[in-house]
Amino acid sequence: MAMPPPKVPFTWLLFKCKTIQQFKQTHTQLLIRGLSHPPPSLRPTVSFAALNPSGDIHYALRLLFQSSTPPQIFLFNTLIRGLARACHSHSMSTSCFVFYRMIDLNVFPNNFTFTFLFQGCATSRDFDLGRQLHGIVVKNSFALDVFVKNSVIQFYSVCGKLRDARWAFDESLDVDVVSWNSMMSGYLRNGEISEGLELFDKMPNRNEVSWNSVLSGLVNFGFLDDACRVFKEMPCRSLVSWVVMISGYAQNGQPKKALALFRGMQLLNLEPNSAILVSVLSACSQLGALNHGNWVYFYIQKKCVNVDSILNAALIDMYAKCGSINLAMQVFHLSKEKDVSSYTSAISGLAMNGRVLCACSHIGWVEKGFHYFHSMLDDHGIEPELDHYACMVDLLGRAGLLEEAENFIASMPMKPDNVIWGTLLGACRVHGNDQMGQGIGNMLIESDQSHDGCYILLSSIYAKTMKGDNAEEVRKSMRAKNIERVPGYSLIEVDGVVHEFLAGDRSHDKTEEIYTAWEEAVKKIKNYGYKAETRGVLFDIEEEEKETVIGYHSEKLALAFGLISTEPGSVIRIVKNIRICNDCHSAMKLISKVNQRKISVRDRKRYHHFEGGSCSCMDYW
Ligand code: ZN
Ligand code: ZN
């Protein structure tokens, strides 16, 4: 006996649609069939058009207002909900229109209507409308409903009106965990940390949202130690908590802690998501930790992680900053999704490594940089931003094309900022164009009172051109303005662990061996003509810790540690936060020859690849 065909409601076909075009076609078909069958119900049609990400809110509005069926509250609420999500400039005025239309048609709003309206006001930050609605809600006793109440608290706190939010919170008798969370994250979002924490302590019940809100609130304000305590106390950590904590460390200059936490995550066999990988790569870039960075790249390939433009840019940046510009460019060429951030990473990577190759190919790098710079707009329609212009000035400046750099700045469509002028000033010092340098330096000092770099550069230009008095003047005004120096430190990654050294540092476990190794290295290179400088060069580039004996600068200690703890013949990679000084530079050149080791030092400005007694920077930096 034949089975009867299953009775599938026709409207079910609408749910199978993936795009609004398919949906409209199917809908038209159903309306035509409606001549012989009952017409499709408005409910699924309006829901799809109003709420589906590929829907069309205007289509939903037409469907509802042109329909002859009796108006239903559900349909009006669906529209208001869709409008709240749509968040375009007219969505709230359209919401009001729908709201008044339903009242005209004698359809009375319920708690959902108001909840969605407040959500819309919060998303579009429409404080005036939200406040009027609050009046209506209070008059009509809807304020007692827990959904409405929570959306009111959320609305006020998103708009930064914490007193109103608190009033709504305090006056209700029964508040649930959502109300507590909304109130607490309102405080945290608006920077009222202690109030937020007080509420967190008082909360009768906490859920995952409560913990993560307090965690990210603390991280966003840089209270990383407190955040770490909260993280440890959490009854269960979701992926979000790991993302917040690891990216918090990476973005607040604590890359070692970011990597340590990431290792902790791996020990628990938790799979990182792409946000975590981006943060880990950023930590690797900061530390110059190439081995860690490589690991992430292999992991991405092994697990077939989808490489979006952000992850892609982070990979390029990591390779460029860890001294592997060729790998960086390889990732850049292989990437499917190139956007502004990939270009920024690629161009600034090229700029930073602009002196990797010998002098004759400088122009080659400049051309490569300009090729990418132009292809941003020409091939990808991406308008270059200030950052990209700064990179190009850097690239030109490093290649010694100072006039070209000056002309390039003059041709910029926007006003050059002090970073761009500072870059050109640095190039003037390196290439000995004192006249241009003094002009720019004085202009910068007049416009910018807080940046120490340009004071140091200008005073060193004066010192070099024997205008000692002028140099002293610049230094005095710098001291008078209390411009602080950053202390110098060097990092070296050995067997996956990053070691940090300060000048004259004696805190490392192997201090004795490190200092002995350094003395031995100095003894050897003295035979090759090394004369240790016993006093700081007064107007040297960064004038690192003048009181510390120059013989124990941080990069020297890092190098000595590298010599005793890495395989003979392997590359020693060091990252320094400020520029390398003359004395360290000459010592490194000789050690690379005597010990037959390649040494790469990334300082604040660029790469130094030491090999066989010379440096890739050709002694200009
Ligand atoms: Zn030094
Ligand atoms: Zn160098």
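Residues numbered from 1 in each chain as written. Chains lettered and ligands numbered in written order. Predicted model: local features only at pLDDT ≥ 70, side-chain atom pairs only at ≥ 80, totals over all residues. Heavy atoms only, no water.

### Section: the nonpolar core
What counts, and what does not: Nonpolar cores were defined as sets of buried Ala, Val, Leu, Ile, Met, Phe, Trp, Tyr and Cys residues, with membership established by side-chain atoms within 4.5 Å. Partly exposed residues are those whose accessible area sits between 20% and 50% of the maximum for their type, while under 20% is buried and over 50% is exposed, using a 1.4 Å probe and protein chains only. Helix and strand assignments come from DSSP, with helices taken as H or I runs of at least 4 residues and strands as E runs of at least 2, each series counted from the N terminus. Here, two residues are considered to be in contact whenever any of their heavy atoms come within 4.5 Å of each other.
Counting residues in hydrophobic clusters, the biggest one holds 143 residues, and the most contacted among them are Met 245, Ile 246 and Leu 424. The biggest single contributor to this core is helix H17 (residues 274–287), with eight residues. Not counting residues within four places of it along the chain, the set of residues in contact with Met 245 comprises Leu 215, Val 219, Leu 224, Ala 227, Cys 228, Phe 231 and Leu 261. Listed in part, the 31 residues of the second largest apolar core include Ile 525, Ala 558, Val 601 and Phe 610.

### A few points about the packing of helix H15 (residues 239–251) against helix H16 (residues 255–267)
Using the following cut-off: For helices, the fitted line uses only the C-alpha atoms of the stretch in contact; every axis is such a line through C-alpha atoms, and the angle between N-to-C directions lies from 0 to 180 degrees. Angles below 35 degrees are treated as roughly parallel, those above 145 as roughly antiparallel, those between 65 and 115 as roughly perpendicular, and all remaining angles as oblique.
Following both chains from N to C, one finds H15 and H16 inclined at 155 degrees, their axes separated by 7 Å at the closest point. One way to sum up the angle between H15 and H16 is to call them roughly antiparallel. For the pair H15 and H16, the contacting residues are Leu 239, Trp 242, Met 245, Ile 246, Tyr 249 and Ala 250 in the first and Pro 255, Lys 257, Ala 258, Leu 261, Phe 262, Gly 264 and Met 265 in the second.

### As for the coordination of the zinc ion (ligand 1)
The line we're drawing: Distances define the donors: N, O and S atoms within 2.8 Å of the metal qualify, as do those within 3.2 Å of Na, K or Ca. Water is excluded, so some sites may look unfinished.
Protein coordination at the zinc ion (ligand 1) comes from His 553 (ND1), Cys 581 (SG) and Cys 584 (SG), with a distance range of 2.0 to 2.3 Å. Each donor residue of the zinc ion (ligand 1) lies on one chain, and together they are spaced H-x27-C-x2-C. Of this pair, His 553 sits in the loop between helix H29 (511–526) and helix H30 (554–565) while Cys 584 sits in helix H31 (residues 582–594), and the two are 31 residues apart along the sequence.

### Section: the sheet that holds strand S3 (residues 572–576)
Basically, it comes down to this: By definition, two strands form a pair when at least two bridges between them are found by DSSP.
Across the sheet, which stays open at both edges, the six strands sit in the order S2-S1-S3-S4-S5-S6 with mixed pairing between neighbours. Two strands bound the open sheet, and with one partner strand each, they are strand S2 (497–502) and strand S6 (614–615). Examined bridge by bridge, strand S4 (residues 599–602) and strand S5 (residues 607–611) share four bridges and lie antiparallel to one another. Bridge assignment links Val 601 to a residue of S5, and that residue is His 608. Its contacts with the sheet place H31 against S3, S4, S5 and S6, and it is angled at close to 40 degrees to S5.

### Side note on the confidence of the model for the protein chain
Defined as follows: Within a predicted model, pLDDT stands for the predictor's per-residue confidence, ranging from 0 to 100.
On average, residues of the protein chain score 83 in pLDDT, and 84% of them reach the 70 mark or higher. Counted against residues more than four places away or in other chains, residues 1–8, with its pLDDT under 50, gives zero contacts. Here residues 357–361 is modelled with pLDDT under 50, and outside its nearest four sequence neighbours on either side it reaches four contacts, counting other chains as well.

### Side note on helix H23 (residues 386–398)
Keep this limit in mind: To estimate how far a helix should reach, multiply one less than its number of residues by 1.5 Å.
Spanning 13 residues, H23 covers 18 Å between terminal C-alpha atoms, matching the ideal 18 Å at 1.5 Å per step. Most of H23 is tucked away, with 11 of its 13 residues classed as buried. Looking at H23, one finds that the buried residues are His 388, Tyr 389, Ala 390, Cys 391, Met 392, Val 393, Asp 394, Leu 395, Leu 396, Gly 397 and Arg 398. Within two residues after H23, Gly 400 carries a phi angle of roughly 80 degrees, on the positive side.

### Observations regarding the pairing of strand S1 (residues 489–494)
Burial analysis of S1 places five of its six residues in the buried class, the great majority of the element. With six bridges joining them, S1 and S2 adopt antiparallel strand pairing. For Glu 493, the partnering residue across the bridge sits in S2 and is Val 498. Connecting S1 to the next strand, S2, in antiparallel fashion are two residues, including Asp 495 with a positive phi near 50 degrees. As paired elements, S1 and S3 share three bridges and run antiparallel to each other.

### A short note on the pattern of salt bridges
Operational definition: One speaks of a salt bridge when a side-chain nitrogen belonging to Lys or Arg is within 4 Å of a carboxyl oxygen belonging to Asp or Glu.
This model, assessed by the stated rule, comprises nine salt bridges. The partner of Glu 271 in a salt bridge is Lys 303, with the nearest N and O atoms 3.1 Å apart. Pair noted here: Glu 271 is in the loop between H16 and H17 and Lys 303 is in the loop between helix H18 (290–302) and helix H19 (309–321), with a separation of 32 residues, a long-range link. Classification of Lys 303 by relative accessible area gives partly exposed; the value is 38%. A salt bridge links Lys 556 to Asp 583; its shortest N-O distance comes to 2.5 Å.

### Re the pairing of S4
What counts is decided by this rule: Whether a crossover is right-handed depends on one test, that the path from the first strand over the helix to the second runs clockwise when the strands point away from the viewer.
The alternating pattern of S4 places Ile 599 and Val 601 on one face and Ser 600 and Arg 602 on the opposite face, and all of these are buried. For S3 and S4, the ladder comprises four bridges, and the chain directions are parallel. Considered in S4, the bridge of Ile 572 is made with Ile 599. Handedness of the β-α-β unit built from S3, H31 and S4 comes out right-handed. Where S4 folds back onto S5 in an antiparallel hairpin, the turn is made up of four residues.

### Quick look at H16
At 3.6 residues per turn, the α-helix brings residues three or four places apart onto the same side. In plain terms, the rule: Throughout, the arc means the angular range of directions from the helix axis out to the C-beta atoms.
For H16, with 13 residues, the first-to-last C-alpha span of 19 Å sits near the 18 Å given by 1.5 Å per residue. Buried within H16 we find Pro 255, Ala 258, Leu 259, Leu 261, Phe 262 and Met 265. Each buried residue of H16 sits inside an arc of 165 degrees when the element is viewed along its axis, so together they form one side. Along its buried surface, H16 packs onto helix H14 (224–233), H15, H17 and H18.

### Overview of the side chain of Asn 294
Looking at where Asn 294 falls in the secondary structure, it is placed in helix H18. In this structure Asn 294 comes out as buried when scored by relative accessible area, which is 19%. Leaving out residues up to four positions away in the same chain, Asn 294 has contacts with Met 318 and Tyr 319.

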